[in-house]
Every structure is written in C-alpha cells, then in structure tokens.
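# Descriptive structure summary
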Amino acid sequence: MPDSVHDQPTARARIWSWMKQPLASVGLPLLAIVAAILLGSIMMLLMGHDPLKAYAALGRGSFGNLGATSETLKSAIPLLLCGLGIAFSFQAGAFNIGAVGQMYLGALAAVIVGGQFAGLPAPLHMTLATLAALLAGGLWALAPALFKVYAGANEIISTILLNYVGIYLVDYMVAGPIKAGGANNAPISWPVLEDVMYPRLIPRTQLHIGLFIALTAMVALYLVMRYTTLGQRVRVVGQNPVAARHAGIRADRVFLLTFFVSGSLAGLAGASEILGYQVRLISGFATTTGYDAIAVALLAGFQPFLVGLAALFFAGLQTGAVAMEAIAKLPSQLVGMIRVLAILAVLAASSPRILALVRRLQGEEQP
Amino acid sequence: MKPSKLFALFMIGVIAAVALFGCAPAATQAPATQAPATHKVAMITSGSTNDMGWNYNALQGIQQIKDKYGWEIAYTENAKPADQANIMRQYAQQGYDLIFAHGFEYGEAILAVNKDFPNTMFAQINATTEGDNVVGTNFRFGELGYFTGMAAGLMTKNNKIGIVAAVDAPQVTADTDTMKTGALSVNPNADVSVSFVGDWADLVKGQQVTQAQIDRGVDILIIMGNDFTPPAIELAKAKGIKVIAGWTIEAYPLAPETIIVSAIQDVPGVYVGIADQLAAGTLKGNTTSVFGFAEGKQYLGKWGDTVPQEVKDKVNQAVQDYLAGKLDIGVK
C-alpha cells in the first residue's frame, strides 16, 4: 500500500475522522438501546404482551409527568448517595461493598433519634437525626476498614458479612426494642415524629429535600476530588499504594478516611429514606439499594456528576418497572428482565470505559 | 471527545428520549372514574405469588373476586418498600377503586396516598387501620383454638397435649389460650403445654421444638405454623403421634392417618368478603372487618381417617352451638 494514503488523507477520510466521534457517541449507544428494545419486545411478544404498551408504560412511569418524575428523583436519592460513597472509596482502592449494611445502620439511627426526644425544636431535631445516621453509617464502615488496616482482613468479605449483621440487627430491633405499640403488633418500628420528617418539595408526591442533600454531596465530592490535596491523595493511593507511600502519603489513613466517608454517605441514604418518606423502619426496607449503587458507581466510572446521571437512569428504570407491572400488566419476572436488558445496553455502550477501569483496578492488585 | 463526556451525552439522550416517548401516549390514559356497576380491583404484595403460602393466598383472593363478580383485576408482586406508595398511586390513577395491601407493612404507604384518591378504597389485610377510605381486616383469633383444643382433649389417651406455636404474639396466643380452655372443657385431666418456635418459617427450630414436645411424652400435637408445619407433621407421624395442624394449609392430604383435623384461616375468603361488602355498598372506611366462623372464613378442615365418629360429632355440635349463640368460648 503506498505511503501517500497515510501521509495525505483524502477529503473523504478527513470527513470520516471528523464524523467518527459524534457517530460513535450517538450511533453506538443508539444501536445498543435499539437492540435492547428489540430483544425485550421479542420476549414480550413470546409471552403474549404488547411491547408498545409496555414501553409506553416504562416511559410514562419514569419521566412521563411531574408525578412520575418526582417519584424517579425520589428513588434516585439513595442510589446517588450510596453511589457517591462507593465511587469515592473505590477510587482509593478501598472496596466497600457494605453500603447495604451502612444504610441500614443509618436508617436505624435516624428512626431512633427521630422517633424520640419529643419537644426538641424541629430543625435541630431533624439535623440531629440526620447526623446520627451519618455517624452510624460511617462507624459501621470504619470497623471493616480497621480490620483491614490492623489485621489484614479482606474488606470485600468483611463488608459483605457486615451487611448481614446490619440487616439482622434491624430485624431484631423492629421486632423488639423499637417496635411500635398499638393494635397490629407487627414487626415495624415506631414512627419518626411528624415535624422531624424532611419537608416535601412538591405536594402530592414523596419527593423531599433529601434531593438537595444528595446533590450537595455530589458537588462537594466533585470539588474534593478535583481541587484538594485529599482528592489527589485518594487517587494516588488508589492507583499505586507503593508509590503513594514513597511520596509520603499515609495510605492507611487515606483508606480509613475514605471508608468512613463512604459509610457516612450510605448512612445518609438510610436517613433520607426514613426521614424522607418511609416514616417507620421495617424489616427489608432497602435490601438491594446498596448493591444497585455499586453498579451505579461503576457505570459512572466513579465521576460524581456521572454518578448522578447513572442514579437517575437506574431510578427511572425502577419507577418505570413499577408502571410496566401496574399499567401494562407485565409479570414481575418479565419486568425484571426488561430492566436488566436496558442496563446491559448502557453497559455495552460504555464498555470500553468499564474495561479500562477494570484493567486499572486489576493493575492495582498486583504488587 | 472524552469518554466521560460521551457517557454523559449518551445518558442525557436516553433520559430525554424516554421522557418524550413517555409523554406521547399519556392522552390514552384511562379515565379516573368508572361506571358504578363494576369495580376494578388491584392487589400489592411484598413476596412472590407462587410461594404456595401467604402471597399465593393474596393472588387466589383477587382471582376468586374475578370469578365471582367478573371485575377487572391486577396485581404487583415482590413490591419493595420504596415503591409501595407509587404502586398504589399507579393503580388508583388508573381507576382501580379497591386496592388490597397484603400485610401490616403497608400502613404508612396507604396513609401517603389515600387522601389523594377519596373514591378509592384501600384494604389492608391483617391490620387495624384508620382513614375515611381505608379498611383493615383481621381474623377472629381464638375460635380455631377452642375447637381444635376440644378435638385434642377428646383424642388424647395419656392426657398430654403439646402445642408448637409460631410466635409469642397476641394473634397466636389468643388461639393457644382457647386451646387450653377447649381441651379442659371436655377433658379436665388434660395437661396442655405451649412452646414457641419464634418464627413462622424456621424449619430447623420448628423440628427442635416439635422434638422437645415429643420428648415430653405427648400423644397429641397441635402445630400452628407456616413453613415448618409439613416437616413437623412428618416427625410426629414417625413417632405415631396424632396431629392437629392447618392455619395456612389444609393438612389432611399430607398425612390422612396422622391428622385429626385442620384449622383453616381462609385468606382468599377475606378478599371475597371485602369485595362482597363493596358490591353490597356496605364497605365503609375507618373500620376493621373481623372474619371468623360466622362469616365462613375460619373453619375446621377435613377430619382424619382415624378419628372416631363421636369425636367429630361432639366437636361439630359445639361449632353449631357456638354459631347459634348457645356456647360461649370466651372469644369476643
């Protein structure tokens, strides 16, 4: 092949190189989404359901009107908070899989503080309940971090195990010490006092000011990562702990700190669920949120603003799934499959990123 | 273009597309009001409706309503706490005017939506509720205990009766208390002892507690649980001990020779009972409907193959007397 082709690009090649990126950025994801919709439609047709009706319900239930959109935003709050914490800790190479347990502890603290101490001024009481949740989540996360730093225990295993401890602790508490009195005698906690509940943003919806807490956390995390030495240290420790040590960074401290912050954000998520709209703590109040948030953080490549978008996407699928079942009458199993297909499509469209991240993460594991 | 920007653009595109797609068909939304002659019934449950137990009962409930009245039904299973209110709102917006919430865990979610839909009735199963368009349901606890206790008292040879109960909660102890009075009413020498498993489903603890009762030397066991009941019946069968079971199941097919009788709480029947009230125009908010023998929602199941006729007659006569108001069993 003559060299001139490479040395002197033709007009067509120039146009192609100019077109290539927008095409890749719009065309590729579009292809993935169309493929997911087609696959989902085939599954629905095979099971005797109307795909048009189902996808219309998905759209209407997620972002179709003000009510649906606020419901989606409400569902995005805990995903965003947990996802931010996970993104932060993963960037430091601290694999916190314990958002579930930390969220449970946060919710527990919020309902204990929020349900007692009647007579405190409402704003103070609200703040105290929120801070208690933040602290509970952070301390619950600190335990596995200390195990890792002082005993070398693998934090992935210990955080997963502590999730179960947190879940069972809540099960025990709602069945005994913080159980509501009254006629029903069910394993359900006492309610948070009415004036401790977060104010609503839009009447007749459950959207609450937890949204602002989550957005503030998102901006704060972005600023910390981008402009502070702490953010710089977190990145260096995550990319190469040995080099970090040589540079005089105390990796252990950074590890403990990121774990605490990560747990605090999950604790906040727990608080915003209870103080935002659930009022009482029940067994199994959020079994999957903390795990979904890992996918949210990974999908976003740990970038705070992208975590926000990914949380919105996951939340939209969640509320859309509700509508697919309630409006289009799809069975819940099929709805689950459609939901996962959509996530897979987005994952596929952004897969080079994910692969690069995985490669980077794996690189850190090597000595 | 940086990959992160690419991703951001892409996500914004997806969400915008979904929003556009979602807005378009909104005009075809069903009208919120329905002709009064018919009703639309929805149900929400936290578990899977193919569990052959508590959640399956809920599905049976709305299906029996459909069979009886031909009303349109819809349901959502595996509902997460975060989605409870949203699900009920979706149904109410579509004109479902009777929405069943299958369990105690829906109290707050109902209160979050009921005021926005004054023409929709929310029915919470196994709960006492408040609200102008909210009703609760309960069983008349204690009835089944009395008559099963009677049967146990009549059937025992060594006067030792053991009760394996799920949890130490009022709706359970109401029945275990009347088991004692029922047994003593026909057999003053009956020695009835209760032990609790602490759970409705724990198979291992269910076996342990059952074994402990067997070790006491009982010849009649009353097993009042959910998942642990079938294996406990197996254990008793191996030791030649007669069993009274039921509550969520008809136990006769499990062991026709071992079972004395089943005590049945008809959860689907409660659903039909609420629908009956709606059809008759008598369903009023701020009430808790209690269902028992008189309503046909609690009853004794099939008698075992080895039960003498005089025992059946005696217990059945007592049930008749109770229904006729001639027998006080100490249940309100």
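Residue positions are counted from 1 within each chain, in the order its sequence is given. Here the convention is simple: chains get letters from A, ligands get numbers from 1, in the order in which they are written. Local features in a predicted model are, by the rule used here, given only for residues with pLDDT of at least 70; side-chain atom pairs are given and counted only at 80 or more, and totals for whole chains, interfaces and linings are based on all residues.

## Thoughts on the overall build of chain B
Inclusion rule: Helix and strand definitions here come from DSSP, where helices need a minimum of 4 consecutive H or I residues and strands a minimum of 2 consecutive E residues; each element is numbered from the N-terminal end. We call two residues in contact when their backbone-placed C-beta atoms lie within 7 Å.
Along chain B, the regular secondary structure elements total 10 helices and 12 strands. Within chain B, counting contacts between residues at least 6 apart in sequence, those at least 24 apart form 66% of the total.

## Examining the overall build of chain A
This is how it is decided: Put plainly, a residue is buried at 20 or more neighbouring C-beta atoms within 10 Å of its own, exposed at 12 or fewer, and partly exposed in between, counting only other residues' C-beta atoms, which are placed from the backbone.
On a plain count of helices and strands, chain A comes out with 15 helices and zero strands. Classification of the 367 residues of chain A by burial places 51% in the buried group. Within chain A, residue pairs in contact and separated by at least 24 positions form 77% of the contacts whose partners lie at least 6 positions apart.

## Focus: the sheet that holds strand β5 (residues 134-139) of chain B
All names here are of chain B. Quick reminder of the rule: Any two strands with at least two DSSP-identified bridges between them are counted as paired. Whenever a helix is involved, its axis is fitted only over the stretch in contact; in every case the axis is a line through C-alpha atoms, and angles between N-to-C directions fall within 0 to 180 degrees.
With respect to topology, six strands assemble into an open sheet ordered β2-β1-β3-β4-β5-β11, the strand pairing being parallel. Edge strands, defined here as strands with exactly one partner in the open sheet, are β2 (72-76) and β11 (287-291). Each strand of the sheet is rotated relative to its neighbour by a mean of 20°, with strand direction disregarded. Bridging between strand β1 (residues 40-44) and strand β3 (residues 98-101) involves four bridges; their strand directions are parallel.

## Concerning helix α3 (residues 84-93) of chain B
The buried fraction of α3 of chain B amounts to nine of the 10 residues, a majority that puts the element mostly inside the structure. Looking only at α3 of chain B, the buried set comprises Gln-84, Ala-85, Asn-86, Ile-87, Met-88, Arg-89, Gln-90, Tyr-91 and Ala-92 of chain B.

## Some remarks on the environment of Leu-347 of chain A
Examined against the element boundaries, Leu-347 of chain A turns out to sit in helix α14 (residues 332-349). C-alpha of Leu-347 of chain A to C-alpha of Ala-295 of chain A: the two residues are 52 residues apart in sequence and 9.6 Å apart in space.

## Some remarks on the nonpolar core
Condition: We define the nonpolar core as any set of buried residues of the types Ala, Val, Leu, Ile, Met, Phe, Trp, Tyr and Cys, connected via C-beta atoms lying within 7 Å of each other.
Leu-81, Ala-107, Ala-110, Val-307 and Met-324 of chain A are the most contacted members of the largest nonpolar core, which has 161 residues in total. Not counting residues up to four positions away in its chain, the partners in contact with Ala-110 of chain A are Ala-129, Thr-130, Ala-132, Ala-133, Gly-270, Ala-271, Ile-274 and Leu-275 of chain A. One finds Leu-154, Val-218, Ala-251 and Ala-318 of chain B within the second-largest nonpolar core, a separate group that totals 45 residues.

## Some words on the packing of helix α5 (residues 99-115) of chain A against helix α12 (residues 289-299) of chain A
Residue and element names in this part refer to chain A. Stated precisely, the cut-off is as follows: Throughout this description, any angle smaller than 35 degrees is read as roughly parallel, any larger than 145 degrees as roughly antiparallel, any in the 65 to 115 degree range as roughly perpendicular, and the remainder as oblique. Here is the rule for handedness: rotate from the far helix to the near one, and if that takes an anticlockwise turn smaller than a right angle the crossing is left-handed, while a clockwise turn gives right-handed. Amino acid classes used here: Ala, Val, Leu, Ile, Met, Phe, Trp, Tyr, Cys and Pro are nonpolar; Asp, Glu, Lys and Arg are charged; the rest, including Gly, are polar.
Closest axis-to-axis distance for the α5/α12 pair is 7 Å, and the angle between their directions is 130°. With respect to each other, α5 and α12 are oriented oblique. Handedness of the α5/α12 crossing: right-handed. Residue-level contacts link Ala-99, Val-100 and Met-103 of α5 to Thr-289, Gly-290, Tyr-291 and Ala-293 of α12. In terms of residue class, the contact of α5 with α12 is made up of five nonpolar, two polar and no charged.

## Focus on the sheet that holds strand β8 (residues 220-224) of chain B
Residue and element names in this part refer to chain B. The six strands lie next to each other as β7-β6-β8-β9-β10-β12, forming an open sheet whose pairing is mixed. Each end of this open sheet is capped by a strand with a single partner; those strands are β7 (191-196) and β12 (298-300). Averaged over all pairs of adjacent strands, the angle between strand axes in this sheet comes to 15°, irrespective of strand direction. Along the sheet, helix α6 (residues 170-186) makes contact with β6 (160-165), β7 and β8, crossing β6 at roughly 170°.

## Looking at the confidence of the model for chain B
Residues and elements named next belong to chain B. For clarity, the threshold we go by: On a range of 0 to 100, pLDDT expresses the predictor's confidence in each residue.
Summing up the model confidence of chain B, the mean pLDDT is 88 and the portion of residues at 70 or higher is 89%. Of the regions scoring below 50 in pLDDT, residues 24-35 engages in 14 contacts with residues more than four places distant in sequence or in other chains. Model confidence for the complex: the whole-complex pTM is 0.82, and ipTM, which rates the interface, is 0.80.

## Re the confidence of the model for chain A
Overall, the predicted model of chain A reaches an average pLDDT of 88, with 87% of residues at or above 70. Mean pLDDT in chain A bottoms out at helix α1 (residues 4-7) of chain A, which sits at 50, and peaks at α5 of chain A, which reaches 97.

## Observations concerning the domain arrangement of chain B
Residues and elements named next belong to chain B. We apply this condition: How far each domain reaches was decided by an automatic or database domain assignment.
Looking at the assigned domains, one finds that chain B contains domain 1 (30-139 + 267-298) and domain 2 (143-265 + 302-323). For domain 1 versus domain 2, the distance between C-alpha centres works out to 31 Å. Taken together, the contacts link eight residues of domain 1 with nine residues of domain 2. Residues of the side of domain 1 that touches domain 2, tallied by class, amount to five nonpolar, three polar and no charged.

## Structural notes on helix α7 (residues 155-175) of chain A
Residues and elements named next belong to chain A. As a reminder of what qualifies: Every helix has an expected span of 1.5 Å times one less than the residues it contains. As used here, the arc belongs to the directions running from the helix axis to the C-beta atoms.
With 21 residues, α7 extends 30 Å between its outermost C-alpha atoms, agreeing within 8% with the 30 Å of an ideal straight helix rising 1.5 Å per residue. Within α7, burial applies to Glu-155, Thr-159, Leu-162, Asn-163, Gly-166, Val-170 and Val-174. Down the axis, α7 shows its buried residues gathered within 125° of arc, on one side only. Buried-residue contacts for α7 involve α5 and α6 (122-151).

## Describing the pairing of β3 of chain B
Residues and elements named next belong to chain B. Convention followed: With strands facing away from the observer, any crossover in which the path from the first strand over the helix to the second runs clockwise is taken as right-handed.
Alternating residues of β3 divide into Leu-98 and Phe-100 and Ile-99 and Ala-101, and every residue in both groups is buried. Where β3 and strand β4 (residues 121-124) come together, four bridges link them in parallel fashion. The residue bridging Ile-99 from the neighbouring strand is Phe-122, located in β4. Between the parallel pair β3 and β4, the chain is carried across by helix α4 (residues 107-113), and the sense of this crossover is right-handed.

## Overview of the environment of Lys-53 of chain A
Structurally, Lys-53 of chain A is set in helix α3 (residues 51-63). Separated by 276 residues in sequence, Lys-53 of chain A and Lys-329 of chain A have C-alpha atoms that sit 9.6 Å apart.

## Focus on unusual backbone geometry
Positioned with a positive phi, Phe-302 of chain A is a non-glycine residue whose angle comes to about 65°. Mapped onto the secondary structure, Phe-302 of chain A falls in the loop between α12 and α13 (304-326). You can call Phe-302 of chain A buried: it has 23 C-beta atoms within 10 Å. In this model, Asn-78 of chain B sits at a positive phi of 50°, which is unusual for a non-glycine residue. With respect to the element layout, Asn-78 of chain B can be found in the loop between β2 and α3. Take Asn-78 of chain B: there are 17 C-beta atoms within 10 Å of it, and that puts it in the partly exposed class.

## Quick word on the pairing of strand β10 (residues 259-265) of chain B
Residue and element names in this part refer to chain B. When you tally the buried positions in β10, you get seven out of seven residues, the bulk of the element. Taken together, the five bridges between strand β9 (residues 242-247) and β10 define a ladder with parallel strand orientation. Within β10, the residue paired with Ile-244 across the bridge is Val-261. Pairing analysis gives three bridges linking β10 to β12, with the strands arranged antiparallel. Residue pairing for β12: Ile-264 is matched across the bridge by Tyr-299.

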